[in-house]
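# Analysis of the macromolecular model
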Amino acid sequence: MSDGDLSKLNIASQVVAAGRPKKRPDGELNPPIALNSTYHAGGEIGYGRYGNETWSAIETAISLLENGKQSILFSSGLAAIAAVFEILPEGAVVTSPHDGYQGTMELLRQHHKSGRLQVNFLDFTDTNSVISSLSKTQMLYLESPTNPALEVIDLPKLISAAKNAGCGVVVDNTFATPINQQPLNLGADIVMHSVTKYLAGHSDVLLGSLSTNDAPLHRRLLERRKYGGAIPGPVEAWIALRGIRTFVLRMERAQSNAMELAKRLSKHPKVSRVRYPGLPTDPFHNMAKSFMKGFGAVISFEVDGSNEKIDQVCAASKLITYSTSLGGVESLWERRRRWSTESTSIPENLIRFSVGIENVDDLWADIEQALKKVN
Ligand SMILES: *Cc1c(COP(=O)(O)O)cnc(C)c1O
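### Here's the deal with the layout of surface pockets
A volume near 710 Å³ is recorded for the largest pocket. For the largest pocket, the lining is made up of 31 residues, of which Glu59, Thr60, Ser63, Lys69 and Gln70 are closest to its centre. Residue assignment for the lining of the largest pocket shows that the elements contributing at least two residues are α1 (3–6), α2 (11–17), α3 (53–66), β1 (70–74), α8 (177–180) and α9 (215–228). Element by element, the count of residues in the lining of the largest pocket is highest for α3, at six residues. Residues belonging to the lining of the largest pocket are distributed by class as follows: 10 nonpolar, 15 polar and six charged. Within this model, the second largest pocket holds a volume of roughly 580 Å³. Forming the walls of the second largest pocket are 21 residues, and the residues nearest its centre are Gly19, Arg20, Pro21, Lys22 and Lys23.

Encoded structure:
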């Protein structure tokens, strides 16, 4: 099918059909792993840092999923984010959440400290205070649900207010994924992914992407990859595209596991708070329901006990991996404040739990036995 025909399909079909080579007798079903540092002269690519057939295949797929005209693959999610900040002029004002993904927050703190950018770190659950900052902002950086506080930000309202104020909007859509929200449809200028997480989905590659409908913006970002040099490996790009084939299946299972485990965790006597926007009692449930199709597969929960005891809970799991990261087929968890760069607004006793696709009762049995470490 042509890319135009694919755009009419459901996302579950798009992930299977996108980014395939053109049909011809004995043609390949899958794109090649294009291992070339250079090309015969006279064509469009020219050199291995400028383009690659395998990148193009996965970029086509991500564009389709995010309903964007163009996407650019980077060597990691953070490389993609770094490129976004690099296109801003010296001294530009960025408004950012105070407790988003710690890598992004640290990068912004460094840009702020060096004076390259002026960053307003705000509480994005306070929609009006973000809106009142927009007249002095060049770029609004959004992440929702936030990592790891799982706050759902009013994307429709903030994106439209930012566009009215003439301010650029970037959304990190890693947690929600295009199954649950498509920020370009809400008017965002750039959607970013840590492809490392749900899109690739198997904890075996690091990659990032930027998608946009704005052709001049696309050219500027492409230049940042070309001259910044943060290019992905063709093997990683191929592996991630293979992962995308099952992205919808994996996400559906992981989300339904997460919903069930969030319910069970909220009844557990040693758990003082569960953050999951799918729970009707969650403070962000109504906001999430108003514009998201699903609630994602990360649960953050707080356990009564010392940091040491909570670290012991994480280490005591057998099926669930004690590790950082998220979005893979395997469930994993960690106490986030074990990292010194994690925002101090995140409680010390918060465990971020990336729910995988295992059997839900096996996962629950593992959680129950691990929680016995706190008494
Ligand atoms: C992991 C993550 C990133 C960074 O991506 P990498 O691929 O690790 O560089 C950015 N944003 C969010 C929300 C993430 O979870």
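And the narrative resumes.
### Some points on the site of the ligand
Near the ligand, the surroundings consist of 15 residues, among which Leu78, Asp172, Ser194, Thr196 and Lys197 are the closest. In the environment of the ligand, a nitrogen atom lies 2.6 Å from a nitrogen or oxygen atom belonging to the side chain of Asp172. The contact in question runs from an oxygen atom of the ligand to an N or O atom on the side chain of Thr196, over 2.6 Å. Coverage of the ligand by the protein amounts to 94% of the 380 Å² it exposes when considered alone. For the shell around the ligand, the element with the most residues is helix α4 (residues 77–86), which contributes three residues.

### Re the sheet that holds strand β4 (residues 139–143)
An order of β1-β7-β6-β5-β4-β2-β3 is seen for the seven strands of this open sheet, with the pairing classed as mixed. This sheet does not close on itself; its edge strands, each paired only once, are β1 and β3 (117–122). The mean inter-strand angle of the sheet, taken between neighbouring strand axes irrespective of direction, is 20 degrees. Looking at chain direction, strand β2 (residues 92–97) and β4 are connected through two bridges and run parallel.

### So, the packing of aromatic side chains
This model, assessed by the stated rule, comprises five aromatic pairs. Connected via pairs of aromatic rings, a cluster forms that spans Phe301, Trp333 and Phe353. Positioned above the aromatic ring of Tyr50, the side-chain terminus of Lys226 is 4.4 Å from the ring centre.

Here is what the cut-offs are and how they apply
Residues numbered from 1 in each chain as written. Predicted model: local features only at pLDDT ≥ 70, side-chain atom pairs only at ≥ 80, totals over all residues. Heavy atoms only, no water. 1 Å grid on protein atoms, 1.4 Å probe; cavity = no way out; pocket = protein on both sides within 12 Å on 5 of 7 lines; lining within 4 Å. Points joined across faces, edges and corners; volume = space filled by probe spheres on them. Helix = DSSP H or I, 4+ residues; strand = E, 2+ residues; numbered from the N terminus. Nonpolar A, V, L, I, M, F, W, Y, C, P; charged D, E, K, R; others polar. Near = heavy atom within 4 Å. Polar contact = N/O pair within 3.5 Å; in protein donor to acceptor, adjacent residues only side chain to side chain. Areas by Shrake-Rupley, 256 points an atom, 1.4 Å probe, with all protein chains shown as cover. Pairing = 2+ DSSP bridges. Axes fitted to C-alpha atoms, helices over the stretch in contact; angles between N-to-C directions. Phe/Tyr/Trp six-rings, centres within 6.5 Å; stacked < 30°, edge-to-face > 60°. Lys NZ or Arg CZ within 6 Å of the ring centre and 35° of its normal.

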